[in-house]
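Reading the structure
What follows is the residue order along each chain.
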Amino acid sequence: MLFQLVYHRPGKRPLGPESPRQQENGAVEEEKPLSKALQRIRDAVKPEDGSVRVKEIMIHPIKSCRGTSVQSAKYTPLGLENDREWCFVDIEKNFIITAREFPKIVLITPRVEEDPNDLHGGSIVVVFPPDAPEGCKEFRIPLHPSKEELAKWQTMDGLIMFSDRLDGYIGHALPLPTKYDDSTPSTASAISSLYFNKPVHLVYKGPRPRPAEATHTFPNLDANFLFQDGYPLLMMSRESLGELEEEVRGRVGTQGIGEHWREGKVEIRRFRPNVVIEGAGPFAEDAWEEVSFGKKEGPTVQFVIPCIRCLLPNVSPDSGERDSAVPFKVLMKFRTGLVPSNKLGPCVGHYGVFRENGVISVGDVVYVKKLVKPQL
């Protein structure tokens, strides 16, 4: 039977369960039941104040490299402090490298060492895994390069990330605090190129604003961000992992899902969120449009679109190996339909935008101020 696609103009009362679709021949089509994901949004209510808290805060100083858990973090409208301000760039292609193209990048550990007395506020020590190619020794880069330092660095433009073309500074390594140090301005690029087996630069985001894309809910969105994939903040519920793992175990032996997943855990680090919450239940953040952290009257954070997942979460944060199925193929079975412009995209987590400066800490109460308007 062929069904007619129906478009509802804004302002018109949409057809609901009490108003079944009528076809041209007069036959009535029964409404399809909502997916579990959409039904959860439809049924959502604001959680009781104090019932939801920040469980973990994660920053990723260099894009796609290993993340770091912190107890608190300052934030601005561009995102959490020290989150994705740096990236690796393929020099020949002018392309920003992520774990989608080079999974072993997740094994590089950027270690933040803050120093309020330092000109740059401290440094990031870049550490390579033990099995890295010979010559991949650790090096340091400025945590927040000073204007004087940036004036010495060569700039790059047209850095390719999705459809965006970004700007940046080619980072210089700082001297290591040891007597045998032999750091030079080329150290960061030279050592990193050994690891990637091709010429790369480690690049700090330049000053040109990078506008975030408007969404179905926020068609006039006014926000900028750095080297994050789509928006300044990504939040997800820890309880979502339990539901995902149940779905995975129920599909072992199908779609290439290996036997090891009968007991295997899906690490939250695979999803690379900034803020992990607990107490609201699986995927609760799908239904939230505005929250504040710590204080009910605190700065409002707007959530603008669910995070559509690619194959990056299939990469193990411990081995740098990409699984052939988990979690992507499983998410395709029960986490689609959440984004009107891409209903086949599987979603985990919610992208957000900070509207003011502030501080977020582990243990902060998450106050839900406004729920999203359910799709009809």
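Heads up: these notes are all about the structure in this document.

The rules behind each value
- Residues numbered from 1 in each chain as written.
- Predicted model: local features only at pLDDT ≥ 70, side-chain atom pairs only at ≥ 80, totals over all residues.
- Heavy atoms only, no water.
- Helix = DSSP H or I, 4+ residues; strand = E, 2+ residues; numbered from the N terminus.
- Buried < 20%, exposed > 50% of the residue type's maximum accessible area, 1.4 Å probe, protein only.
- Contact = heavy atoms within 4.5 Å.
- Areas by Shrake-Rupley, 256 points an atom, 1.4 Å probe, with all protein chains shown as cover.
- Pairing = 2+ DSSP bridges.
- Core = buried A, V, L, I, M, F, W, Y, C linked by side-chain atoms within 4.5 Å.
- Lys, Arg positive; Asp, Glu negative; His and termini not counted.
- Salt bridge = Lys/Arg side-chain N within 4 Å of Asp/Glu carboxyl O.
- Polar contact = N/O pair within 3.5 Å; in protein donor to acceptor, adjacent residues only side chain to side chain.
- Axes fitted to C-alpha atoms, helices over the stretch in contact; angles between N-to-C directions.

Details of the overall build of the protein
- Broken down by element type, the protein carries five helices and 21 strands.
- Taking all 376 residues of the protein together, the buried fraction comes to 51%.
- Across the protein, every contact between residues at least 6 apart in sequence was considered, and the portion connecting residues at least 24 apart equals 69%.
- Accessible surface, the protein: about 18,700 Å² in total, of which carbon and sulfur atoms supply 52%.

Regarding the sheet that holds strand β6 (residues 79-80)
- What the three strands build is an open sheet, ordered β6-β5-β20; its pairing is antiparallel. Single-partner strands in this sheet number two, and they are β6 and β20 (358-361).

Details of the nonpolar core
- Core analysis: the largest hydrophobic core is formed by 41 residues, its most contacted members being W288, F293 and I360.
- Here this core gets five residues from one element, more than from any other, and that element is strand β18 (residues 301-308).
- Of all hydrophobic cores here, the second largest spans 32 residues; its members include I62, W153, I191 and V200.

Side note on helix α3 (residues 187-196)
- Burial of α3 is extensive: eight of the ten residues sit out of reach of the surface.
- Buried within α3 we find T187, A188, S189, I191, S192, S193, Y195 and F196.
- Where α3 is buried, its residues contact β7 (86-90), β11 (139-142), β13 (164-170) and β14 (200-205).
- Just beyond α3, the residue with positive phi is N197, at close to 60°.

Section: unusual backbone geometry
- The amide bond that connects V326 to the next residue, P327, takes the cis arrangement and shows omega of 5°.
- The backbone of N94 sits at a positive phi, close to 60°, despite the residue not being glycine.
- Among the structural elements, N94 can be located in the loop between β7 and β8 (95-96).
- Residues other than glycine seldom take positive phi values, yet F283 does so here, at roughly 55°.
- In this fold, F283 is placed in the loop between β16 (275-278) and β17 (288-293).

Looking at the side chain of E285
- Here E285 shows up in the loop between β16 and β17.
- Despite its burial, E285 remains without a salt bridge, the nearest opposite charge being carried by R335 at 5.9 Å.
- In this structure the side chain of E285 is engaged in a polar contact, spanning 2.5 Å, whose partner is the side chain of S237.
- In contact with E285, other than residues within four places in its own chain, are M235, M236, S237, S240, I277, G349 and H350.

Thoughts on the side chain of D323
- Secondary-structure assignment places D323 in the loop between β18 and α5 (328-334).
- Despite its burial, D323 pairs with no opposite charge; the closest candidate is R270, at 5.8 Å N-O.
- Here the side chain of D323 touches W261 through a polar contact of 3.1 Å, side chain to side chain.
- Within polar-contact distance, the side chain of D323 engages the backbone nitrogen of V326 at 2.8 Å.
- In contact with D323, not counting residues within four places along its chain, are H260, W261 and N314.

With respect to the pairing of β18
- In terms of burial, β18 is largely enclosed, as seven of its eight residues are buried.
- Note: β17 against β18, two bridges, orientation antiparallel. Bridging across to β18, V291 finds its partner in V301.
- The pairing of β18 with strand β19 (residues 347-354) spans six bridges and is classified as antiparallel. The residue of β19 that forms the bridge with I308 is C347.

Quick look at the sheet that holds β11
- Taken in spatial order, the three strands of this open sheet run β9-β10-β11, and their pairing is antiparallel. Single-partner strands in this sheet number two, and they are β9 (109-114) and β11. Strand-to-strand twist of the sheet, defined as the mean angle between neighbouring strand axes without regard to direction, takes the value 30°.
- Bridge count for strand β10 (residues 122-127) against β11 is four bridges, and the pairing is antiparallel. Looking at β11, one finds that S123 is bridged to P142.

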